[in-house]
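Okay, here's what each chain looks like letter by letter:
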Amino acid sequence: QQQVKQSPQSLIVQKGGISIINCAYENTAFDYFPWYQQFPGKGPALLIAIRPDVSEKKEGRFTISFNKSAKQFSLHIMDSQPGDSATYFCAASRISSRLTFGEGTQLTVNP
Amino acid sequence: SAVISQKPSRDICQRGTSLTIQCQVDSQVTMMFWYRQQPGQSLTLIATANQGSEATYESGFVIDKFPISRPNLTFSTLTVSNMSPEDSSIYLCSVVQGPEAFFGQGTRLTVV
């Protein structure tokens, strides 16, 4: 499987702060880059996704930044809240095909 | 968005036995995927299940250990055979609709 590398492995942020998670991919054929949020005991839920024809996508407090030339993309969570505490996975795929996941980031937002 | 029902949600099994996990989707989908998520780890694809054809297994996973059925476009099963403690994981089914992938709640398997 083509790799997707994710960092950091864990992240602690104060309430109201900005959480930033980074991913890098290898396969230039990937054309779909989603982020998933997973709470304990639950399956991953799609948070936000981007295609490579745009450099940024924002949905509420969540923003994806995408750098095609560097083969990197990142998730920014603005005004982080304790309810955002979860594990976040980046992923990449050719659209409608199987996903390759990053290693995951455990985010803790302290009140 | 697709709604996926996965059963059982959790189970504790004796080593050497087998467990069949069921995945039901509320709409017809061409491809279904089965993933394994070991404790504290990311998701690893086990196999892709297409209706009417043999499942396609990823490197490190074999049909004898993880037989899959896909009798129709809304249902699939994954069997974990001859279980050992190393099979203790969360098993997840997933479907793709358009660009988006949706996941079931997962089956938390503990082998003792």
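(A) Main features of the overall build of chain A. On a plain count of helices and strands, chain A comes out with zero helices and 11 strands. Starting at the N terminus and walking to the C terminus, you meet the elements of chain A as β-β-β-β-β-β-β-β-β-β-β. The C-alpha radius of gyration of chain A comes to 13 Å, within 12% of the 13 Å expected for a compact globule of 111 residues. Dimensions along the principal axes, computed over C-alpha positions, put chain A at roughly 40 × 30 × 20 Å. Carbon and sulfur atoms form 48% of the exposed surface of chain A, whose accessible area is close to 5400 Å².

(B) Up close: the side chain of Ser93 of chain A. Topologically, Ser93 of chain A is positioned in the loop between strand E9 (86–92) and strand E10 (100–101). Beyond its immediate sequence surroundings of up to four residues, Ser93 of chain A is in contact with Phe30, Asp31, Tyr32, Arg98 and Leu99 of chain A.

(C) Molecular detail of the interface of chain A and chain B. Contacts between chain A and chain B engage 18 residues on the former and 19 residues on the latter. Surface buried jointly by chain A and chain B totals about 1500 Å² across both partners, of which 54% is contributed by carbon and sulfur atoms. It is Ser96, Arg98 and Phe101 of chain A that lose the most area in chain A upon contact with chain B, and together they represent 29% of the buried surface on that side. Between the two partners, chain A and chain B, sit one salt bridge. Across the contact surface, chain A and chain B share six residue pairs in polar contact (both at pLDDT 80 or more).

(D) Main features of the state of the cysteines. In this structure the tally under the stated criterion is two disulfides over all chains. Here Cys23 of chain A engages in a disulfide with Cys90 of chain A; their sulfurs sit 1.8 Å apart. Taking the torsion about the sulfur-sulfur bond, which here is approximately -95°, the covalent link between Cys23 of chain A and Cys90 of chain A counts as left-handed. Residue Cys23 of chain A is located in strand E3 (residues 19–25), and its partner Cys90 of chain A is located in strand E9; the two are separated by 67 residues in the primary sequence. Both residues of the pair, Cys23 of chain A and Cys90 of chain A, count as buried. Left without a disulfide partner, Cys13 of chain B is nearest to the cysteine sulfur of Cys93 of chain B, which lies 17 Å away.

(E) Looking closely at the sheet that holds strand E3 (residues 19–25) of chain B. Residues and elements named next belong to chain B. Overall, antiparallel pairing links the four strands, which are arranged E1-E3-E8-E7 in an open sheet. At either margin of the open sheet sits one strand with a lone partner, and together these are strand E1 (4–7) and strand E7 (68–72). Averaged over all pairs of adjacent strands, the angle between strand axes in this sheet comes to 15°, irrespective of strand direction. Pairing geometry for E3 and strand E8 (residues 75–80), over six bridges, is antiparallel. Bridge pairing in E8 places Gln24 opposite Phe75.

Cut-offs used in this document
Residues numbered from 1 in each chain as written. Chains lettered and ligands numbered in written order. Predicted model: local features only at pLDDT ≥ 70, side-chain atom pairs only at ≥ 80, totals over all residues. Heavy atoms only, no water. Helix = DSSP H or I, 4+ residues; strand = E, 2+ residues; numbered from the N terminus. Rg over C-alpha atoms; globule rule 2.2 N^0.38 Å. Areas by Shrake-Rupley, 256 points an atom, 1.4 Å probe, with all protein chains shown as cover. Contact = heavy atoms within 4.5 Å. Buried area = accessible area lost by both parts, 1.4 Å probe. Salt bridge = Lys/Arg side-chain N within 4 Å of Asp/Glu carboxyl O. Polar contact = N/O pair within 3.5 Å; in protein donor to acceptor, adjacent residues only side chain to side chain. Disulfide = S-S within 2.5 Å. Buried < 20%, exposed > 50% of the residue type's maximum accessible area, 1.4 Å probe, protein only. Pairing = 2+ DSSP bridges. Axes fitted to C-alpha atoms, helices over the stretch in contact; angles between N-to-C directions.

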